[in-house]
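# Tertiary structure, described
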Amino acid sequence: MGSVSESRDEVPQKTYWRWSKQDFFPEKSFQNWGTYRDALSQTGLRFKDRLLTRSDETSEVSELQKQSENKMKRCLNWWDLTWVGFGAVIGAGIFVLTGKEAHFDAGPAIIVSYLASGFSTMLGVFIYTEFAVEIPVAGGSFAYLRVELGDFVAFIAAANILLDYMLGNAAVARSWTSYLTTLLNRPSNSLVIHTNLKQGYNLLDPIAVVVLAIASAIAIASTKKTSLLNWIASAVNMVVIFFVIIAGLTHAKTSNLTPFMPFGVKGLFQAAAIVGFAYGGFDAITTLAEETKKPSRDIPIGLLGSMSVITVIYCLMALSLSMMQKYTDIDPNAAYSVAFESVGMNWAKYLVAFGALKGMTTVLLVAALAQARYATHIARAHMIPPWFALVHPKTGTPIYATIMMTTGSAVIAFFSSLDVLGGLLAVSGCFLSTLLPVALLVRRYYVTGITPRANVSKFVALLLLILLSSAATSAYWALTSTGWIGYTITLPLWFLGTLGMSVLLPLQRTPKVWGVPLVPWFPSLAILTNLFLMGSLDASAFIRFSICTIVIVVYYFFFGLHATYDMAHEPNKPESMKIADTDSETPFQVQNLEI
């Protein structure tokens, strides 16, 4: 192997625009059919190795970035990130799902649904902030899970992250077309192509595809310019939002709030699980850590600041809609526009539609940035072909990763309706939001080679008690929303598990700059809340989620497993990325292998 300086001199000689087999499948398992058959014959041993593997922070922050050959440009500050938060979140759910959930599931209680979902989201925001400050890389939650829960769990999460973004962007793009019809004063579904395909997939939407392509092109050109465009569009959108709140409350009728919970508590929390999608996207801020000038300062301000304001805005917008129009009369497809039309403000529906389009456009812009950075870091780990990890030397953006994610979203948006996507997004989102607090508890209470064996056993037992009692609470809620006896068992067990972790176990790690307060209570409550919200969803969403998970696992065993195994065992890799030969135990009492 040549010297480090020699290898560095070779990198600039490679052209970015290349697509050889070696760029997609550089691992020795894929060199020919013979090596691939040998790899498949070792699937069991390799899976055990990957299952027991945890990454380290040095690999995620430093070594893996070299897979991109060029660095992303540090050009963002806390002001940029705050507006990224507004742009990423506001526009998708509040204009799309509020009317649907108020009409079918929650009624006027949609206000409480947004409050409950916002509370759950803020728990997650605190957790994301600590990880983003400690591990500032483009991989976001994928990188955090690799460090704390290991390779296999990180892969399942990674696939769900990419699926989440593809489905979410597809849903927003479809809604963009829906609001465009309102702005043009055309009938609903007049801009889509009607076919004889299966219901839910029979309305083809070419406009959604074009919108996704434009957002992708802007994101590819420049991160800073995309951020500036997002700031301008989000500022315009905020003006429209304040108009919606003030004008809506001006035409408010308290009689429209009665009955407040027409579908009961079950409907309220089912809506809370669905409108959680409206809060989705805040993790986009964490994926821009490599492009942030001072992550330890800018990320906490951007994340906590934007999400606190957004929670208040959502509740006020839900209140204005619920008081303007009876829940039975709310239009599920273009709720705010139709509501203003019903109170005689016909012109206002065009302003609302314009604002919604602005909001959805910023969501797509920021999502184009975030999803590509997730894909980039996942490719750096070779869980998808490393060709997608390449960063263009001039733009400083991952062009291949952006195109891949946009293509997936475009195909889904062209065929699938919002009704098909909503439930699946909710299950996937709650699943990911449950893994992060588990990872935080592992981070705080377990350190390789330092945590005593007795404390490891206690931690595992208490963590399992928290998870099982939370899952039991969710299952009991799903099976009988009117009963209460089961909660007298499950909730005290959850409380005892959290209390035991707080009293019996010393913290093994303290955050260097910024940390989640009230550990273990905050992350434990996040686990309980997310699993509870999952129990509010219908069976069809879990069926779709299960099918997607099966596809993900099949892909892993035929490709991802062998690619990551080869990368971890590559003889000439940097010392910090090699497998560590240690007999230390992980929190799950297995050998800890670090890459």
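Treat the numbers as computed from the prediction; the structure is a model and nothing was measured.

### Digging into the confidence of the model for the protein chain
For the protein chain, the average pLDDT comes to 85, and 91% of its residues sit at 70 or higher. Of all the helices and strands in the protein chain, strand E4 (residues 593-594) carries the lowest mean pLDDT, 33, while helix H21 (residues 487-504) carries the highest, 95. With pLDDT under 50 throughout, residues 1-12 is counted as low confidence; its partners more than four residues away or in other chains account for two contacts. Segment residues 574-595: pLDDT under 50, and 73 contacts once partners within four positions in sequence are set aside and those in other chains are kept.

### Quick word on empty space enclosed by the protein
Counted according to the given criterion, the structure contains three cavities of 30 Å³ or more. There is about 680 Å³ of room inside the largest cavity. Lining the largest cavity are 36 residues, with Asp-164, Gly-276, Gly-280, Gly-281 and Gly-429 sitting closest to its centre. Those elements that place two or more of their residues in the lining of the largest cavity are helix H8 (110-134), helix H10 (151-183), helix H13 (264-275), helix H17 (348-380), helix H19 (418-445) and helix H22 (521-534).

### A closer look at the environment of Gln-65
Note on placement: Gln-65 falls in the loop between helix H5 (57-63) and helix H6 (78-89). A relative accessible area of 18% means that Gln-65 is categorised as buried. When the C-alpha positions of Gln-65 and Arg-380 are compared, they lie 7.0 Å apart, and in sequence the two are 315 residues distant. Residues contacting Gln-65, with those up to four places away along its chain left out, are Glu-60, Val-137, Glu-290 and Arg-380. Looking at Gln-65, its side chain comes within polar contact range of the main-chain oxygen of Val-61, at 2.4 Å.

### Overview of the pattern of salt bridges
As enumerated under the stated definition, the model contains 20 salt bridges in all. For Arg-50, the salt bridge goes to Asp-151, with nearest N and O atoms at 2.7 Å. Separated by 101 residues along the polypeptide, Arg-50 in helix H4 (residues 43-51) and Asp-151 in helix H10 bring together distant segments of the chain. In this structure Arg-50 comes out as buried when scored by relative accessible area, which is 1%. Between Arg-297 and Asp-298 there is a salt bridge; the shortest N-O distance is 2.7 Å. For Arg-297, a relative accessible area of 38% corresponds to the partly exposed category. Overall, Asp-298 belongs to the buried group, its relative accessible area being 0%. Connected through shared salt-bridge partners, Arg-54, Glu-57, Glu-134, Glu-148, Arg-443 and Arg-509 make up one network.

### Describing the environment of Arg-380
Structurally, Arg-380 can be placed in helix H17. With 320 residues separating them in the primary sequence, Arg-380 and Glu-60 have C-alpha atoms 9.3 Å apart. Apart from residues no more than four positions distant in its own chain, Arg-380 is found in contact with Leu-64, Gln-65, Gln-67, Ser-68, Met-72, Ala-138, Glu-290, Ala-389 and Met-567. In this structure the side chain of Arg-380 is engaged in a polar contact, spanning 2.7 Å, whose partner is the side chain of Glu-290.

Cut-off values and rules
Residues numbered from 1 in each chain as written. Predicted model: local features only at pLDDT ≥ 70, side-chain atom pairs only at ≥ 80, totals over all residues. Heavy atoms only, no water. pLDDT = per-residue confidence, 0-100. Helix = DSSP H or I, 4+ residues; strand = E, 2+ residues; numbered from the N terminus. Contact = heavy atoms within 4.5 Å. 1 Å grid on protein atoms, 1.4 Å probe; cavity = no way out; pocket = protein on both sides within 12 Å on 5 of 7 lines; lining within 4 Å. Points joined across faces, edges and corners; volume = space filled by probe spheres on them. Buried < 20%, exposed > 50% of the residue type's maximum accessible area, 1.4 Å probe, protein only. Polar contact = N/O pair within 3.5 Å; in protein donor to acceptor, adjacent residues only side chain to side chain. Salt bridge = Lys/Arg side-chain N within 4 Å of Asp/Glu carboxyl O.

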